[in-house]
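Understanding the architecture of this molecule
This is what each chain is made of:
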Amino acid sequence: MKNLTKENVTDKVLGTFPADTNPREREILTSLIKHLHLFVRDVSLTTGEWLTAMDGLYRAGEISNPVRNEFILISDLLGVSSLVDLINDNAPIATETSPLGPFFVKDAPLLEPGGDMIEENSGTQGVVRGHVLTPEGKPIPGALLEIWQTAENGLYENVDPDQPKSNLRRRMKTGPEGNYAFTTIQPVSYQVPDDGPGWELLGMMGRNPWRPAHLHFKISAEGFRPLVTELFVEDDPYIDEDVVFGVRNSLAVSFATNSSQQDADQFNLKAPFWQVEFDFKLQSA
Ligand code: BEZ
Ligand code: FE
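The structure reproduced in this document is the subject of the present report. Computed from a prediction, not measured in an experiment: that's the story for all the values here. (Residues numbered from 1 in each chain as written. Chains lettered and ligands numbered in written order. Predicted model: local features only at pLDDT ≥ 70, side-chain atom pairs only at ≥ 80, totals over all residues. Heavy atoms only, no water.)

1. Side note on the coordination of the iron ion (ligand 2)
- Around the iron ion (ligand 2), the protein contributes the donor atoms Tyr-156 (OH), Tyr-190 (OH), His-214 (NE2) and His-216 (NE2), at 1.8 to 2.1 Å from the metal centre.
- Classification of the site at the iron ion (ligand 2) as irregular follows from its six donor atoms and the range of 55 to 164 degrees in their angles at the metal.
- Donor residues binding the iron ion (ligand 2) come from one chain and are separated in sequence as Y-x33-Y-x23-H-x1-H. On the criterion of sequence distance, the pair formed by Tyr-156 in the loop between strand E4 (144-148) and strand E5 (169-173) and Tyr-190 in strand E7 (residues 190-191) is long-range, its members being 34 residues apart.
- The buried category is assigned to Tyr-190, whose relative accessible area is 8%. (Donors = N, O, S within 2.8 Å, 3.2 Å for Na, K, Ca; no water. Tetrahedral: all angles 85-135°; square planar, octahedral: opposite > 155°, others 65-115°. Helix = DSSP H or I, 4+ residues; strand = E, 2+ residues; numbered from the N terminus. Buried < 20%, exposed > 50% of the residue type's maximum accessible area, 1.4 Å probe, protein only.)

The structure is reproduced here in structure tokens:
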């Protein structure tokens, strides 16, 4: 292409789309090109800085694998995942969403409602229970909950060779009343992975690397929009400083202490134990 200048390069690139480009793809790519060019002009990006960025993206690819996605982490750290979530959110009709994060793994073992996820894990024991409901409050029996959390050391099993496979990851189908319940250990606050370009970005920005303690849920049911969300320990010291901007007011819940041994007996726990009650609401597809 002759006569290319820094003034006309953006229009030249935008002018290359053929007339039959998919309209949505054209809309997205046109805006992406405009914003990327604007960004390069805005900061007068040097060749060295561009190379640093390309190297970071290359290393993000190198460190990623089917159960650890560094690009999702970078999107989370920059608030992009949360912005996408907030734009597409079901609230106030349904439960608020929160990013999936890079550590979701499909096909975890199935657990019956009321089952135990603690197994050999150390930590403070408790129970999470509630229902999966329509926005009108009708139960959704047979909804599939996928649940995952870190062990007490703040690591997910798929990045910790010392944990058994699928530790603290379960799938559970709701009972006839849309009910679910499981015993587990109290989640802990933890730092995001420190071995990739995501961590280097945090260092450049001088940001804290902590996520407040949380449990992850992905909930699906026939005829409803899948819900990806988290429940946070409301009095966690990092509740207002989540490094990936995942906290929503309605998702910060009380892990309340229950001292009744009679209640604990229902779940084969010893009093005192902690207890969370939360009903999830799914929006129609
Ligand atoms: C997580 O909660 O699993 C997570 C989310 C974003 C970045 C790192 C971890
Ligand atoms: Fe997490």
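There is more to say, and it comes next.
2. Topic: the packing of aromatic side chains
- With the rule as written, the count across this model stands at ten aromatic pairs.
- Plain terms: the ring middles of Phe-182 and Phe-217 are 6.3 Å apart, the flat faces sit at 55 degrees to each other, and that makes the pair tilted. Here Phe-217 lies in strand E9 (residues 214-220) and Phe-182 lies in strand E6 (residues 179-185), a separation of 35 residues in the sequence. Note on accessibility: Phe-182 and Phe-217 belong to one class, buried.
- Judged by centre distance (4.8 Å) and plane angle (50 degrees), the ring pair of Phe-217 and Phe-280 falls under tilted. Here Phe-217 is found in strand E9, whereas its partner Phe-280 is found in strand E14 (residues 280-281), with 63 residues between them in sequence.
- Residue class for Phe-280 comes out buried when judged on its relative accessible area of 0%.
- Through a chain of ring-to-ring contacts, the aromatic side chains of Tyr-180, Phe-182, Phe-217, Phe-278 and Phe-280 assemble into a single cluster. (Phe/Tyr/Trp six-rings, centres within 6.5 Å; stacked < 30°, edge-to-face > 60°.)

3. As for the packing of helix H4 (residues 70-77) against helix H6 (residues 197-205)
- H6 packs onto H4 with a crossing angle of 20 degrees between their chain directions and a minimal axis gap of 9 Å. Taken together, the axes of H4 and H6 lie roughly parallel to each other. The handedness of the crossing between H4 and H6 comes out as right-handed. Across the interface between the two elements, Glu-70, Leu-73, Ile-74 and Leu-77 of H4 pack against Pro-197, Gly-198, Trp-199, Leu-201 and Leu-202 of H6.
- Of the residues that constitute the contact of H4 with H6, the class distribution is seven nonpolar, one polar and one charged. (Axes fitted to C-alpha atoms, helices over the stretch in contact; angles between N-to-C directions. Parallel < 35°, antiparallel > 145°, perpendicular 65-115°, else oblique. Left-handed = near helix turned anticlockwise from the far one by under 90°. Contact = heavy atoms within 4.5 Å. Nonpolar A, V, L, I, M, F, W, Y, C, P; charged D, E, K, R; others polar.)

4. Some details on a nonpolar patch on the surface
- On the surface, a cluster of nonpolar side chains totalling about 590 Å² of accessible area is made up of Ile-28, Leu-29, Leu-32, Leu-36, Phe-39, Val-40 and Val-43.
- Within the secondary structure layout, Leu-29 lies in helix H2 (residues 23-43).
- You can call Leu-29 partly exposed: its relative accessible area is 37%. (Patch = residues over 30% accessible without salt bridge, like charges linked within 9 Å, V, L, I, M, F, W, Y side chains within 5 Å. Areas by Shrake-Rupley, 256 points an atom, 1.4 Å probe, with all protein chains shown as cover. Salt bridge = Lys/Arg side-chain N within 4 Å of Asp/Glu carboxyl O.)

5. Digging into the site of ligand 1
- The full set of residues close to ligand 1 is Leu-73, Asp-76, Gly-101, Pro-102, Phe-103, Tyr-156, Tyr-190, Val-192, Arg-211, His-214, His-216 and Val-244.
- Here Tyr-190 contributes a side-chain N or O atom positioned 2.6 Å from an oxygen atom of ligand 1.
- Measuring from an oxygen atom of ligand 1, one finds a side-chain N or O atom of His-214 at 3.0 Å.
- Burial of ligand 1 by the surrounding chains reaches 99%, relative to a free accessible area of 270 Å².
- Elements that contribute at least two residues to the shell around ligand 1 include exactly H4 and E9. (Near = heavy atom within 4 Å. Polar contact = N/O pair within 3.5 Å; in protein donor to acceptor, adjacent residues only side chain to side chain.)

6. As for the nonpolar core
- Ranked by internal contacts, the top residues of the largest apolar core, which has 40 residues, are Tyr-180, Phe-182, Phe-217 and Phe-280.
- Among the elements of the structure, strand E3 (125-133), E4, E6, E9, strand E10 (227-233) and strand E13 (273-277) are those that each provide at least two residues to this core.
- In contact with Tyr-180, other than residues within four places in its own chain, are Val-128, Arg-129, Gly-130, His-131, Val-132, Leu-145, Met-172, Thr-174, Phe-278 and Phe-280.
- Of all hydrophobic cores here, the second largest spans six residues; its members include Leu-77, Val-192, Val-243 and Val-244. (Core = buried A, V, L, I, M, F, W, Y, C linked by side-chain atoms within 4.5 Å.)

Keep in mind these numbers describe shape, not what the thing actually does.
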